[in-house]
Amino acid sequence: MDADYVLKQDHLREEIHVANFDGMPVFVMPKGGFRRKYAEIIINYGSNDNAFILPDENTRVEVPPGIAHFLEHKMFEKQWGDAFSAFAEIGASANAYTGNNHTSYVFWTLDNFDKALKILFEVVFEPYFTEQTVEKEQGIIAQEIRMYDDQPSARLLRETLQALYWHHPVRLDIAGTEESIRKITKELLYLCHTNFYRPSNASLFVAGDFDPREIFDVVADLVSNFTLPRGAAPKRLRPEEPEGVRGDAEVFLPVPTPLVQVGWKDVPAKGSGEALVRQEIATSVLLDVIFGKSSPFFTRVYEKGLVDDINYSYEAWPDYAFALLGAESPEPERLCDLVHEEIQRLLSEGIGRPDFERIKKAALGRYVSLFDAFDLIGETQAHLYQVGLDVFSYGEILKGLSMEEVSSRLKALDPNHSVRVIVKNPNAKKAR
Amino acid sequence: MTQGIVRDDEFKTFEIEPGITFRYLPVSKWKTLSIDVFCKVPITRERVTALALIPRLARRGTVNLPTLRDLSRSLEQMYGASMNTDARKIGPVQVLRFGMDLPSPEFLDPAAFGTLDGVNLGKALSFVWDVVTRPYLENDAYPLDRFEVEREEHRRDILAIINNRPHYATVRLVEELSKGDPRGLPAWGILEDLDTLDPRKTWDIWRETLSRCSVSIYAVGEGAEECGEILTRSKLFFPEPRVSDRLWDIHEELEAPPLPPGILRSTEELPGEQTILCMAFYTGVTEKDPRLPALLFFDGILGGFPHSKLFRTVREREGLAYFADTVPNTWRGLVLAIAGLDGKKISSAEALILEQVDSMKRGEITREEIENTRAGLLRRYRSESDSQEALIRRFLTQEVLGGPASEEEIISGILKVTKDDIVEVSQKAELKAVYVLDARKGDG
């Protein structure tokens, strides 16, 4: 069958063919010359969705933190056996990821694409949980949680989100805690699966060297052979979140050099999805201008031996938004002070036009490179589709970005809405 | 100078001058052009630490772009090109990499930029070559302040390996197995030796290295062929002239260091939540051994895939670990098994891993395990042609260690492996070391 419509970008020489099946959008990106074939089912359900109202019953439900991730683990176990082995038998490799707002199931293969896609549908849409397998998974995930607990950078991120947010579930670990996952039962898993894993709450992204029409035929076939639940996913509930932050924090781990992160709590743009995406792009470019390797700030702190590298990012979702800046630094407090001083300076002096133009040019170039990464394109497309945009409109927004728009985002970096979190060595503390 | 046999099923190759090879793949399916210069140096205690600093010092500035900021701005002007420099190790050879990924101009939208100025392959190549050979110097040495900062950052980098516990465990295990042998030194050098370096000595070592090391330049993507034309037209600059008969032969000494007798046991305490268990099995099968494909099956069936024995027993059946994998080291003929566990479960996990190896020695390998591994290995190697990085890595490894490089050769090797071949390699597998990074003690 043919696509409902085709998204195109002439300069990039890329196309995305789109069709809809039972409310599930299917995106096919033909990639001539590539051997790998890639598919990803993205469910709009993540670790933040711990409280919701069931669509039919109007009942409010609260589930233990970490359940979306637990569910992702359990979807690979089937009555007929282990889905990883089923993928392996036909030469495919599979994986899955849980984020704050999404859960993704992916495979890549060279041959047997149709068969692999069928297994992926089974993985995602045919749950099979038993008390015994749920109990066993609790042990595995407990080890996963401990593994992240031992990773300074993972701890830093979690502690920063906890320092920024009072109640919003983004502050919780995606995997939950050892305590919270003990409360997960097979009944709760079925409840979450039935309500969120439905075509109207999912999308499928496919990339590889093939004819999109053939893919749509395969999907049409699969959709007619699976019993997929209709209707919308539950309404998610979010607790009231105050505007202010909770406060700074310190974590003690055996790290050779302290790690530091500054977090800023921002207010997401209201109105349209496009406004939110513009906010995200403009703030990301701003962070690049201020803290990127070509900035005077970076040179200054680098030459003082305060940092080797600075990582920064910005996220905006309909219900929350934040910016992060992290580094390894022998003098974390001083670095934080310099970060805030630099923002104050720019608030009074403004950002330079040549800097803005150069960074924008680089961002447009990097946007082109994005199209070599099937997974990034898939996730970006799925995310943008939800707000009524697509991966090419992202490029268009970037192209039209003005310096005024970027400058106006300085307000997102207000020190009054910021926290600093430091991971340091407990022995270093004693020595002092 | 002996060069490894170069098979050019994928890459086209020519020698620019003795010891300098250009290999390119002009394929336009990617949106970026990848340019990499690799300098290959036989590892020695005297050089390793100084050379490990070079990728850092190189990023600080060149004669034409003296500061970090100048370099960064220049990359941004080239439409967000990225520069990557690092020191790695292939067998007993330290390999310094100076690379650039450049968005291919033909995919850029001129309307977005006014004009597409500044996209010029000659400029990109000079940029990379300057980074390699023309660092910004003062009085024939790296500027002291820069040198001090980079040395300190490098020291922190080495110390920070411990932040990734599973990685640290494998590093420590290999270190224990290589004690005292320079061939076993890590690519990042030796912490204590950092203090013996100074800006002039470091530059002298690099200048001499440049005049004697073997260099491979790779270009993959749209424009790769043009890179070759530019390189042949221009005379490559070196701070010290290269003389053919003084060039180092990286193939002279490729043997891996001998392993100590018996089973080495080592435990280190590091307070935390999860204990790491790392075990080394020696098979003796290395890169040039005809049994190499069977070694890949041994590794794959034991712990290389989610359908492997370790994943299915240690993780899925017993629920002991979140990760329980293996990685082959084909230079040393080793397979390393690694798992993150509750500290109380270390001995049962060790016994379980040993039991899996023993079962393979007894021939307890199902047809399904073999065929799933075959499918997995075929996918892994065949899909390398989609990744610029994977292709370069494979051919570079072959340049140093020999062994198969062409896809056809690798695939036909994998297709031929039988159960008997895998059992034969399994039976050679001998436990040589157990390393535990114990998170329990010191908890107070």
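Quantities reported herein were computed from a predicted structural model and do not represent experimental measurements.

### Overview of the interface of chain B and chain A
Opposite the 62 residues of chain B that make contact, chain A presents 66 residues. Taking both partners together, chain B and chain A bury about 5,700 Å²; carbon and sulfur atoms supply 54% of that area. Inspection of the region where chain B meets chain A yields 10 salt bridges. For the salt bridge of Arg382 of chain B with Asp111 of chain A, the shortest nitrogen-to-oxygen distance reads 3.4 Å. Inspection of the chain B/chain A interface yields 27 residue pairs in polar contact (both at pLDDT 80 or more).

### Points about empty space enclosed by the protein
If a probe the size of a water molecule is rolled over the atoms, the empty space left behind becomes visible. Tallying each qualifying case throughout the model produces 6 cavities of 30 Å³ or more. Roughly 130 Å³ of internal volume is contained in the largest cavity. Looking at the largest cavity, it is lined by 15 residues, and the ones nearest its centre are Gln9, Leu364, Tyr367 and Lys399 of chain A together with Asp109 of chain B. Residue assignment for the lining of the largest cavity shows that the elements contributing at least two residues are helix H12 (353-369) and helix H14 (391-400) of chain A together with helix H3 (110-113) of chain B. For the lining of the largest cavity, the element with the most residues is H14 of chain A, which contributes 4 residues. A breakdown of the residues in the lining of the largest cavity according to their chemical character gives 9 nonpolar, 3 polar and 3 charged. Here the second largest cavity defines a volume of roughly 80 Å³. What lines the second largest cavity is Phe84, Phe87, Ala88, Ala92, Ser93 and Ala94 of chain A together with Phe305, Pro306, His307, Asn372, Gly376 and Arg379 of chain B. Those elements that provide at least two residues to the lining of the second largest cavity are helix H2 (83-89) and strand E9 (93-98) of chain A together with helix H12 (367-382) of chain B.

### Concerning the UniProt feature "domain: Peptidase M16 N-terminal" (unreviewed entry) in chain A
Mapped onto the present numbering, the UniProt feature "domain: Peptidase M16 N-terminal" (unreviewed entry) falls on residues 65-177 of chain A. Between the end C-alpha atoms of residues 65-177 of chain A there is a gap of 7 Å, over a span that is 53% helix and 15% strand.

### Comments concerning the domain arrangement of chain A
Many descriptions give the size of an interface as the accessible area lost when the pieces come together. Residues and elements named next belong to chain A. Domain assignment breaks chain A into domain 1 (5-236) and domain 2 (249-431). The gap between the C-alpha centroids of domain 1 and domain 2 is 28 Å. Counting from both sides, the interface comprises 42 residues of domain 1 and, opposite them, 37 residues of domain 2. Among the residues domain 1 hides against domain 2, the three largest losses belong to Leu12, Leu156 and Leu164. Together they make up 18% of the total. Along the contact surface separating domain 1 from domain 2 lie 7 residue pairs in polar contact (both at pLDDT 80 or more). Every element with two or more residues in the side of domain 1 that touches domain 2 is listed here: strand E1 (5-9), strand E2 (14-21), strand E3 (24-30), strand E4 (37-43), helix H5 (152-164) and strand E11 (202-208). In terms of residues, the side of domain 1 that touches domain 2 owes the most to one element, H5, which gives 10 residues. Among the residues making up the side of domain 1 that touches domain 2, the classes are represented as 21 nonpolar, 12 polar and 9 charged.

How each quantity is defined
- Residues numbered from 1 in each chain as written.
- Chains lettered and ligands numbered in written order.
- Predicted model: local features only at pLDDT ≥ 70, side-chain atom pairs only at ≥ 80, totals over all residues.
- Heavy atoms only, no water.
- Contact = heavy atoms within 4.5 Å.
- Buried area = accessible area lost by both parts, 1.4 Å probe.
- Salt bridge = Lys/Arg side-chain N within 4 Å of Asp/Glu carboxyl O.
- Polar contact = N/O pair within 3.5 Å; in protein donor to acceptor, adjacent residues only side chain to side chain.
- 1 Å grid on protein atoms, 1.4 Å probe; cavity = no way out; pocket = protein on both sides within 12 Å on 5 of 7 lines; lining within 4 Å.
- Points joined across faces, edges and corners; volume = space filled by probe spheres on them.
- Helix = DSSP H or I, 4+ residues; strand = E, 2+ residues; numbered from the N terminus.
- Nonpolar A, V, L, I, M, F, W, Y, C, P; charged D, E, K, R; others polar.
- UniProt positions renumbered as here; feature names shortened; annotations may be inferred.
- Domains from an automatic or database assignment.

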